[in-house]
Amino acid sequence: MANQNKFCAVHLAVLLVFSLIAVAFVPVDASSDSTKTVEFNVKPGGVVHTFSEGIGEYECSFTYASQGGTNEQWLMSVGLSDDNSLFSCSVWRPQGKSYLFFTQFKAELKGTKIEYANAYSQTAAAGQSDVPLKPEEFTVGDSTVTHTEGKFSAQLSKLTAIGRTRHDEL
């Protein structure tokens, strides 16, 4: 069983790498039935905001509250695998590190069960590397990724989740 879980984890990691590479080469205004990348503003002020994007029956919603600075341009990419078995969502600040302080965040993948998720305090930009949050700073549920109250350091620059769809072949 441990080998099967390791095998599955390795395949998910490979899928994630290929998904992120594919997303990196998708222009912001690209129109495709299986991928979308859209810009949105992350707004400070402590008010809870939600931004959502979807493909077909699957949707990614990013809900957050942040403080400090001014609006930041962020991107959300959603993608559906060719066989409709995996739905991915990435939310990130393309300039790298965000200067906002997040008081909360939640990503929800509707219509899927999350199999992989990670969150980062800094994204790879301008020669910098991704810096993942500590595992205790966020919680992965069946369909959500949320900050962990009292343990989240308020730094978020990227969040990625991949969920298995409930797509059944006949």
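Anything mentioned here points back to the structure above.
J.: Whenever I open this one, the pattern of salt bridges confuses me. Can you help?
T.: Close approach of charged atoms lets side chains of opposite charge pair. Inspection of every chain in the model, using the stated rule, returns five salt bridges. Across the pair Lys-36 and Glu-53 runs a salt bridge whose closest N-O atoms are separated by 3.1 Å. Highlighted residues: Lys-36 in strand S1 (residues 35-42) and Glu-53 in strand S2 (residues 49-55), separated in sequence by 17 residues. Classification of Glu-53 by relative accessible area gives buried; the value is 17%. Residue Glu-59 is joined to Lys-110 by a salt bridge in which the shortest nitrogen-to-oxygen separation is 3.0 Å. Of this pair, Glu-59 sits in strand S3 (residues 58-67) while Lys-110 is found in strand S6 (residues 101-110), placing the two residues 51 residues apart along the sequence. On the accessibility criterion, Glu-59 (26% relative accessible area) is partly exposed. Take Lys-110: its relative accessible area is 35%, and that puts it in the partly exposed class.

About the cut-offs
- Residues numbered from 1 in each chain as written.
- Predicted model: local features only at pLDDT ≥ 70, side-chain atom pairs only at ≥ 80, totals over all residues.
- Heavy atoms only, no water.
- Salt bridge = Lys/Arg side-chain N within 4 Å of Asp/Glu carboxyl O.
- Helix = DSSP H or I, 4+ residues; strand = E, 2+ residues; numbered from the N terminus.
- Buried < 20%, exposed > 50% of the residue type's maximum accessible area, 1.4 Å probe, protein only.

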